[in-house]
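Summary of structural features
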Amino acid sequence: MSDHKAPSPSRRQLFKSLGLVPIAAVGLAGCAREADKPADAAPVQGDYKPTFFNAAEWAFIRAACDQLIPADNIGPSASQAGVPEFIDRHMQTPYASGDIWYMQGPFIEAAPQFGYQGRLPVRDIVRVGIKGIDAHCAKQFNGRSFAQLAPKDQEALLKSAEAGKLELENISAREFFSQLLNETRMGYFCDPKHGGNKNMSAWKMIGYPGMRADYTNWVEVRDQPYPLPPVDLAGKRG
Amino acid sequence: MAIVKPQVDAVIVGMGWTGAIMAKELTDAGLRVVALERGPDRDTQPDFAYPRVVDELEGSIHRKFLQSLAKETITARHGSKDTAVPYRQVGSFKPGTGVGGAGTHWSGCHFRALREDFNLRSNMQQRYGKKFIPEGMTIADFPVTYDELEPHFDHFEYVCGTSGKAGVLNGNKIAGGNPFEASRSREFPLPPNRNYLGAELFYKAAREMGYSAYPIPASNASAAYVNPYGCQMGPCNFCGFCSDYGCLNYSKASPNASILPVLRLRKEFELRAHAQVLKVNLDGDGKRATGVTYLDADGKETEQPADLVLLCAFSLFNVHLMLLSGIGKPYDPVAGTGTVGRNYSYQNLNRVTLFFDDSVQANGFIGIGGGGATFDDLNGNQLDNAKAGFVGGGVIWARQPGSGPIRGITTAPGVPNWGSAWKQGVKDAFRHSFYYEVQGACMAYRANYLDLDPTYRDAFGRPLLRMTFDWNDNEIRASQFLVGKALDMCKVLNPKALSGDAKKTGEHYNITRYQSTHTCGGAIMGTDPKTSALNRYLQSWDVPNVFAPGANAFPQNNGYNPTGMVGALTYWAAKAIREQYIKSPGALVHT
């Protein structure tokens with residue numbers, strides 16, 4: 001449950017303290033340009049030391065995430081946005097250990113319309129999957145790990161995992177891929193407090209105003225893009 | 001040894017909409033009421049306070065306000081010869097937990113049923129002949145009429161500050177509302193909400209297609225409001241965090257904001273949170289409930305004796321408790337006997353998404369759960385079912401409860417799931433696309449039902465509820481017909497791209513994909529104790545001091561969201577308890 005010790009400031013107070021001003025007073029064109037600027041490339045991953053993943057797993061996560069969300073002129077890459085840090089932290093939440101999943105057996109095979117029926121929570125699906133992919137790579141690519149492969153081989157391998165064509169030890173490649181992709185997208189688009197979406201760079205890429213949660217004055221505006229940059233849960237402006 | 005609490009007049013299991021309504025009505029009548037809620041206590045402050053409540057990761061991934069499946073879930077299968085497996089991760093539907101129940105994280109669509117929804121079976125037979133209802137379809141008339149429920153629909157809308165526009169007022173059609181609705185005795189308490197782009201364009205497209213669009217009745221307040229209980233609501237600010245979230249703004253009606261502020265002050269009312277009810281206790285011959293057994297917050301087995309037991313849990317768990325407690329005879333689909341578990345139905349939800357270029361500011365992050373527009377030209381008696389080829393109708397609507405990137409960005413057809421092309425796809429779609437939905441009715445069938453699972457157990461050692469459910473040809477045809485109409489209508493708006501997800505012939509129910517939390521039936525109301533678990537006052541035929549209000553009582557589901565009907569039925573049952581049952585406890589209907 002949430003931490004109720006700190007008094008929760010009213011929305012108005014919060015906005016006041018951050019110096020946010022009513023929409024009408026903002027230079028609209030200037031803000032629209034801001035939202036369209038390429039996102040900041042933030043070289044943050046060097047600073048973060050993983051506490052869930054070991055060195056081999058960490059190397060996999062960094063390489064795989066950047067295949068899924070690569071660096072380009074559209075927006076930040078996964079690692080520029082802090083996705084590996086998000087995943088490392090997220091794996092240590094109750095959610096990743098199966099807190100909201102029904103985890104009792106028997107575990108039997110079922111049609112895909114019934115969802116994942118195995119015994120592993122998310123964090124173990126990810127861990128067992130990484131081990132499986134690296135073991136597969138070692139066999140196929142002369143002892144090399146996924147992170148050591150050429151980018152086009154990494155991409156091809158992820159595609160075959162996504163399509164369920166890859167056979168892995170102890171885990172369905174498709175299930176692993178789907179969890180990895182979910183985690184990567186979550187880390188890309190989450191509130192920065194969770195470790196990803198550094199500088200709200202992924203929000204800026206798509207024009208998401210973040211946690212503003214008040215659009216009273218913009219519901220009926222049709223002829224111009226929403227002008228304000230994002231705000232995160234801590235009240236920081238992007 | 002179980003702790004035994006002092007006897008009370010009534011014990012309520014579950015503190016969502018139905019529990020809160022019952023607690024209010026019964027304490028009004030002077031009864032001493034104890035409510036047992038399995039989840040935590042919750043209120044706008046501090047639980048839904050901004051900014052923390054709008055964290056998408058906590059709300060829509062960790063599902064902070066929904067039921068965790070770790071302790072209690074259901075099992076599911078497509079047919080009675082299959083082995084059911086657990087619903088391990090939340091997908092198709094999202095039961096709530098905690099004070100407010102699903103009434104905290106609902107969107108706010110607040111419909112009344114159509115007059116003809118109440119007598120679906122006889123209406124279909126009258127219009128198209130007895131053979132029109134296919135073999136195996138077990139639809140039934142409701143044992144109440146629209147006119148009997150009208151005052152209760154009306155009252156619940158006033159409790160919720162529902163924003164909308166009447167289409168038929170005291171028999172007179174008035175412009176701007178739904179011309180096909182059953183007559184209302186009063187205008188809505190609040191006028192409709194303002195339109196975002198998708199809703200505005202919906203009116204345009206509907207007009208061109210000859211449909212009569214009207215504002216979706218929304219329990220998201222369009223202006224400041226004080227309800228008949230003195231509870232205050234503030235105008236909705238389109239924050240975009242309705243579905244999955246508690247309202248940060250006192251704008252979305254909920255048990256927490258609309259009823260509990262009054263209840264919490266009452267001496268006759270006691271709320272116990274973290275109280276997990278395990279079963280209803282019956283006396284020796286099984287014809288009278290003596291109270292319930294629950295685990296208290298500390299896990300101690302506790303008995304709460306009561307004269308009256310009100311099952312106010314989420315529809316599925318009302319059925320579960322009846323099966324576990326031996327209230328009514330379990331349904332047997334082979335013999336066609338028994339009542340509890342019969343006529344489980346769902347909702348036939350489908351979506352079409354429209355993609356535009358970046359000159360179109362759709363702004364899907366601007367959201368209001370129940371707001372938007374819809375029409376009834378393909379619902380109720382407006383639809384020629386014989387020509388359309390299926391029983392039951394549906395609505396097409398524009399709704400925008402608020403999107404965020406964690407909740408998922410639907411990309412245009414052909415965009416891959418990752419890589420640079422995906423990045424470009426989400427960037428193109430996020431601000432410049434919106435969706436319309438088709439919400440179809442779902443009929444009841446002999447083969448779709450609920451019972452107890454023989455293998456899987458919950459954290460308290462009880463068998464899980466087992467759901468046997470699959471799509472039938474009737475619903476698949478309805479999906480294809482209605483999605484086809486929706487796509488035709490969308491073309492008027494010239495989107496750059498358009499996608500639709502009509503069900504394919506032979507498609508099976510996919511429990512992993514969110515569709516709707518409108519799980520209905522399983523303990524239905526009716527006129528015959530052989531085919532219904534509850535009488536017209538939602539009273540158990542078998543154990544008359546047990547009432548089970550909820551969507552579990554629907555003989556089948558119509559094209560609308562159930563909450564308006566659930567609220568009205570609960571007020572209707574409460575009135576019967578107050579005016580008839582209290583004076584003379586016992587069966588209210590004799591056969």
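Model, not experiment: these values are computed from the prediction. (Residues numbered from 1 in each chain as written. Chains lettered and ligands numbered in written order. Predicted model: local features only at pLDDT ≥ 70, side-chain atom pairs only at ≥ 80, totals over all residues. Heavy atoms only, no water.)

Of regular secondary structure, chain B possesses 14 helices and 24 strands. A compact globule built from 591 residues should have a C-alpha radius of gyration of about 25 Å, and chain B, at 23 Å, falls within 12% of that. Judged by the C-alpha coordinates and their principal axes, chain B covers about 70 × 55 × 55 Å. Burial analysis of chain B (591 residues in total) assigns 67% to the buried set. Put simply, of all contacts in chain B between residues at least 6 apart along the chain, 75% involve residues at least 24 apart. For chain B, the accessible area works out to roughly 19,000 Å², and carbon and sulfur atoms hold 50% of it. Side-chain charges of chain B comprise 60 positive and 55 negative groups, with the mean position of each set lying 2 Å from the other. (Helix = DSSP H or I, 4+ residues; strand = E, 2+ residues; numbered from the N terminus. Rg over C-alpha atoms; globule rule 2.2 N^0.38 Å. Buried < 20%, exposed > 50% of the residue type's maximum accessible area, 1.4 Å probe, protein only. Contact = heavy atoms within 4.5 Å. Areas by Shrake-Rupley, 256 points an atom, 1.4 Å probe, with all protein chains shown as cover. Lys, Arg positive; Asp, Glu negative; His and termini not counted. Charge placed at Lys NZ, Arg CZ, Asp CG, Glu CD.)

Moving on to the overall build of chain A. Scanning chain A from N- to C-terminus turns up 8 helices and 0 strands. Starting at the N terminus, the α and β elements of chain A follow one another as α-α-α-α-α-α-α-α. Restricting to contacts in chain A with at least 6 residues of sequence separation, those with at least 24 account for 63%. By element, 51% of the accessible surface of chain A is carried by carbon and sulfur atoms, the whole surface being about 11,100 Å².

With that settled, the discussion passes to the interface of chain A and chain B. Contact with chain A, which involves 74 residues of that partner, is made by 70 residues of chain B. Across the chain A to chain B interface the summed buried area is about 6,200 Å²; carbon plus sulfur atoms make up 61%. For chain A, the biggest contributors to the area lost against chain B are A:Tyr102, A:Phe114 and A:Arg222; these three give 14% of the whole. Where chain A touches chain B, the interface holds 4 salt bridges. Elements represented by at least two residues in the side of chain A that touches chain B include exactly helix H1 (11-17), helix H3 (55-68), helix H4 (83-90), helix H6 (151-162), helix H7 (173-189) and helix H8 (201-206) of chain A. For the side of chain A that touches chain B, the leading source of residues is H7(A), giving 6 residues. When grouped by side-chain class, the residues that make up the side of chain A that touches chain B number 44 nonpolar, 17 polar and 13 charged. (Buried area = accessible area lost by both parts, 1.4 Å probe. Salt bridge = Lys/Arg side-chain N within 4 Å of Asp/Glu carboxyl O. Nonpolar A, V, L, I, M, F, W, Y, C, P; charged D, E, K, R; others polar.)

All names here are of chain B. Read across the sheet, 4 strands follow the order S5-S4-S21-S20 without closing on themselves; strand pairing throughout is mixed. Of all the strands in the sheet, just strand S5 (85-86) and strand S20 (449-457) have a single pairing partner and so form its edges. Packing against the sheet, helix H10 (residues 315-325) makes contact with strand S4 (74-77), S20 and strand S21 (463-468), and its axis sits at approximately 120 degrees to S21. (Pairing = 2+ DSSP bridges. Axes fitted to C-alpha atoms, helices over the stretch in contact; angles between N-to-C directions.)

Below, the discussion takes up the confidence of the model for chain B. Model confidence for chain B is summarised by a mean pLDDT of 97, while 100% of its residues fall at 70 or above. As a predicted assembly, this complex carries a pTM of 0.94 together with an ipTM value of 0.96. (pLDDT = per-residue confidence, 0-100.)

Let's shift gears to the packing of aromatic side chains. In the structure shown here, the tally under the stated rule is 47 aromatic pairs over all chains. Each member of the aromatic cluster is reached from another via a ring pair, and the members are A:Trp203, A:Tyr208, A:Tyr215, A:Trp218, A:Tyr226, B:Phe365 and B:Phe430. Over the face of the ring belonging to B:Tyr435 we find B:Arg351, whose NZ or CZ atom lies 3.6 Å from the ring centre. (Phe/Tyr/Trp six-rings, centres within 6.5 Å; stacked < 30°, edge-to-face > 60°. Lys NZ or Arg CZ within 6 Å of the ring centre and 35° of its normal.)

Taking 1.5 Å as the rise per residue, H7(A) with 17 residues should run 24 Å; its terminal C-alpha atoms sit 24 Å apart, in good agreement. For H7(A), a buried count of 13 out of 17 residues is recorded, marking the element as mostly surrounded by other parts of the structure. (Expected span 1.5 Å × (residues − 1).)

Residues and elements named next belong to chain B. Taken residue by residue, helix H5 (residues 120-128) has Leu120, Asn123 and Met124 as its buried positions. Along the axis of H5, the buried residues cluster in a sector spanning 100 degrees; they form a single face. Considering only its buried residues, H5 is in contact with helix H11 (385-388). The positive-phi residue at the C-terminal boundary of H5 is Gly129, with phi of around 90 degrees. (Arc of directions from axis to C-beta.)

Right, let's get into empty space enclosed by the protein. Residue and element names in this part refer to chain B. Summed over all chains, the structure comprises 6 cavities of 30 Å³ or more. The calculated volume of the largest cavity comes to roughly 150 Å³. For the lining of the largest cavity, the element with the most residues is H5, which contributes 3 residues. Broken down by class, the residue content of the lining of the largest cavity amounts to 5 nonpolar, 11 polar and 2 charged. As a volume, the second largest cavity reaches approximately 90 Å³. Around the second largest cavity, the lining residues are Phe111, Arg112, Ala113, Leu114, Tyr146, Asn178, Glu181, Ala182, Arg184, Tyr214, Pro217 and Tyr560. (1 Å grid on protein atoms, 1.4 Å probe; cavity = no way out; pocket = protein on both sides within 12 Å on 5 of 7 lines; lining within 4 Å. Points joined across faces, edges and corners; volume = space filled by probe spheres on them.)

Here the focus is the pattern of salt bridges. Once the charged atoms of two side chains with opposite charge are near each other, the side chains can pair. All names here are of chain B. Per the stated rule, a full pass over the model turns up 39 salt bridges over all chains. One salt bridge in this structure joins Glu270 and Arg32, with 3.5 Å as the shortest N-O distance. You can see Glu270 sitting in strand S11 (residues 269-272) and its partner Arg32 sitting in the loop between helix H1 (17-28) and strand S3 (33-36), a full 238 residues away along the chain. Across the pair Glu56 and Arg407 runs a salt bridge, and its minimum N-O distance is 2.8 Å. Of the two residues, Glu56 is situated in helix H3 (residues 56-61) and Arg407 in the loop between strand S18 (394-400) and helix H12 (420-430); the sequence distance between them amounts to 351 residues. In this structure Arg407 comes out as partly exposed when scored by relative accessible area, which is 24%. Salt bridges sharing common partners tie together Lys24, Glu25, Asp28, Arg266 and Arg578.

Residue placement: B:Arg462 occurs in the loop between S20 and S21. A polar contact of 3.1 Å, which involves the side chain of B:Arg462, links it to the side chain of B:Glu72. (Polar contact = N/O pair within 3.5 Å; in protein donor to acceptor, adjacent residues only side chain to side chain.)

Residue and element names in this part refer to chain B. With antiparallel pairing, 6 strands are arranged side by side in an open sheet as S8-S17-S18-S19-S16-S22. Each having just a single partner strand, strand S8 (214-215) and strand S22 (497-500) make up the two edges of the open sheet. Across 4 bridges, the pairing between strand S17 (residues 368-375) and S18 is antiparallel. Paired with Ala373 across the two strands is Ala398, which belongs to S18.

Turning our attention to unusual backbone geometry. Residue and element names in this part refer to chain A. With omega at 0 degrees, the peptide bond leading from Gly105 into Pro106 counts as cis. With respect to the element layout, Pro106 can be found in the loop between H4 and helix H5 (122-140). In this structure, Met200 is a non-glycine residue whose phi angle is positive, near 55 degrees. On the secondary structure map, Met200 appears in the loop between H7 and H8.

A separate point is the nonpolar core. Among the nonpolar cores identified, the biggest contains 123 residues, and A:Phe146, A:Phe189 and B:Tyr436 are the most heavily contacted of them. Here the element with the most residues in this core is H7(A); it accounts for 8 residues. If sequence neighbours within four positions are ignored, A:Phe146 has contacts with A:Phe60, A:Ala63, A:Ala64, A:Ile133, A:Asp134, A:Cys137, A:Gln154, A:Leu157 and A:Leu158. If you look at the next biggest cluster of nonpolar residues, it comprises 113 residues, including B:Ile21, B:Tyr158, B:Ala313 and B:Tyr344. (Core = buried A, V, L, I, M, F, W, Y, C linked by side-chain atoms within 4.5 Å.)

Residue and element names in this part refer to chain A. Viewed as axis vectors pointing N to C, H3 and H5 meet at an angle of 85 degrees, and their least axial separation amounts to 10 Å. On the basis of their axis angle, the class for H3 and H5 is roughly perpendicular. Along the contact surface, H3 presents Ala56, Glu57, Phe60 and Ile61, while H5 presents Val126, Arg127, Ile130, Ile133 and Asp134. Of the residues belonging to the contact of H3 with H5, the class tally is 6 nonpolar, no polar and 3 charged. (Parallel < 35°, antiparallel > 145°, perpendicular 65-115°, else oblique.)

Residue and element names in this part refer to chain A. Taken as a whole, this structure holds 0 disulfides over all chains when the rule is applied. Cysteine Cys65 remains unbridged, with the sulfur of Cys190 as its closest cysteine sulfur at 12 Å. In this model Cys137 remains outside any disulfide bridge; the closest cysteine sulfur is found in Cys65, 15 Å from its own. The exposure class of Cys137 is buried, given its relative accessible area of 0%. (Disulfide = S-S within 2.5 Å.)

The next thing to look at is the side chain of A:Asp88. Residue and element names in this part refer to chain A. Along the polypeptide, Asp88 turns up in helix H4. It is Arg127 that comes nearest to the buried, bridge-free Asp88 among opposite-charge side chains, at 7.1 Å. A polar contact of 2.7 Å, which involves the side chain of Asp88, links it to the backbone nitrogen of Thr51.

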